[in-house]
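Okay, here's what each chain looks like letter by letter:
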Amino acid sequence: MNLHALRLFHTVAEKGNVTRAAEELKISQPAVTVQIKKLEKELGVTLLGTKGRGILLTPVGIQLAEQAKRLFSLESEIEIYIEQLKNGEVGKLRIVATYLPANFLIPNWIGKYKKKFPEVELELMTTNSQKAMSQLMNYEADIAFIRGKREFNELINSTQLFEDEMIFVVNKNHKFASKNIPLSQIVKEPFVFREKGGSSWEKLLSLCEIHNVQRPSVSLRINGLNEAIRTVIEGYGVTFVSSLEANEYIKRQELAIVNVNEMNLKNPISICTRHKDVLSTNVQDFIKIVESSINR
């Protein structure tokens with residue numbers, strides 16, 4: 001079917017007059033008439049009759065006019081949707097992240113983004129760094145946030161947002177609260193840790209090995225970050241965590257930092273996208289919100 005001719009017929013049916021339709025379409029009246037005649041011949045039906053100086057839709061013409069109205073209304077909706085999609089006002093944004101950024105950073109960014117773009121569907125997936133990179137490369141995610149130092153392949157663009165510091169924290173009334181002490185002294189305290197073999201525990205062991213001090217004693221293992229921190233808040237032991245994990249409790253003065261002299265252990269938080277991909281407007285808008293939040 002000749003959609004151009006159908007559009008002319010639709011306009012004639014809407015205006016009820018060939019002349020007015022031609023004026024709206026900015027083409028000559030004879031050109032409109034010729035195209036509609038060709039459409040009638042193509043379809044094998046009569047669409048228009050005459051009524052005085054005007055036109056009269058045949059029964060088939062009335063039915064086709066209704067279908068054409070639906071078609072071109074849908075076309076208009078699609079055009080509006082595409083424009084909104086290009087402007088980042090609609091669509092879907094899939095984010096994958098490792099535990100720390102997913103729990104302590106991204107929720108704040110998502111809140112700001114959704115307030116600005118409420119119609120965009122947003123999905124956050126939390127996993128380990130290896131799976132996050134796999135999802136990004138396999139187009140299962142649009143953007144990834146990774147904590148830790150790792151080698152990225154040539155298919156990934158990685159930009160460091162900032163460095164996350166590892167810290168020792170204790171109860172606010174602990175004898176080492178806000179004090180400067182050597183690593184060899186803090187490791188003598190009882191430690192509260194999460195799961196065995198966790199990244200924080202491994203980092204602490206590496207720190208002890210580098211500075212040739214004894215390994216700390218883990219007096220208590222608890223399955224859960226909040227539970228481990230709450231135990232320290234209640235006055236038992238020391239824990240070694242990310243500053244992002246502890247900041248909220250430090251601000252409320254429920255925890256205090258122990259300033260360990262040999263301590264200078266940081267992990268980058270990086271944002272990753274696919275190399276050479278043209279970033280969607282949704283991704284670009286989210287990155288702008290992230291960068292704005294970090295630079296404050």
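Residues numbered from 1 in each chain as written. Predicted model: local features only at pLDDT ≥ 70, side-chain atom pairs only at ≥ 80, totals over all residues. Heavy atoms only, no water.

### A look at the overall build of the chain
In step 1: Within the chain, the regular secondary structure consists of 12 helices and 12 strands.
In step 2: Relative to its length of 296 residues, the chain is extended, with a C-alpha radius of gyration of 33 Å against a globular reference of 19 Å.
In step 3: Viewed in the frame of its principal axes, the chain has a C-alpha envelope of about 105 × 40 × 30 Å.
In step 4: Looking at the chain residue by residue over its 296 residues, the buried ones come to 42%.
In step 5: Counting contacts in the chain only where the partners sit at least 6 residues apart, residues at least 24 apart contribute 74% of the total.
In step 6: Put simply, the chain shows about 16900 Å² of open surface, and 48% of that area lies on carbon and sulfur atoms. (Helix = DSSP H or I, 4+ residues; strand = E, 2+ residues; numbered from the N terminus. Rg over C-alpha atoms; globule rule 2.2 N^0.38 Å. Buried < 20%, exposed > 50% of the residue type's maximum accessible area, 1.4 Å probe, protein only. Contact = heavy atoms within 4.5 Å. Areas by Shrake-Rupley, 256 points an atom, 1.4 Å probe, with all protein chains shown as cover.)

### Some remarks on a nonpolar patch on the surface
In step 1: Together, Leu74, Ile78, Tyr81, Ile82 and Leu85 make up a nonpolar patch on the protein surface, roughly 440 Å² of accessible area in all.
In step 2: With respect to the helices, strands and loops of the structure, Leu74 is situated in helix H4 (residues 59-86).
In step 3: Leu74 gets classed as partly exposed once you look at its relative accessible area, which sits at 46%. (Patch = residues over 30% accessible without salt bridge, like charges linked within 9 Å, V, L, I, M, F, W, Y side chains within 5 Å. Salt bridge = Lys/Arg side-chain N within 4 Å of Asp/Glu carboxyl O.)

### Focus: the pairing of strand S11 (residues 255-260)
On a regular strand, each side chain points to the face opposite its neighbour's, so the side chains alternate between the two faces of the sheet.
In step 1: Relative to S11, strand S6 (residues 156-171) runs antiparallel, the two being bridged by 4 bridges. Bridging across to S11, Val169 finds its partner in Ile257. (Pairing = 2+ DSSP bridges.)

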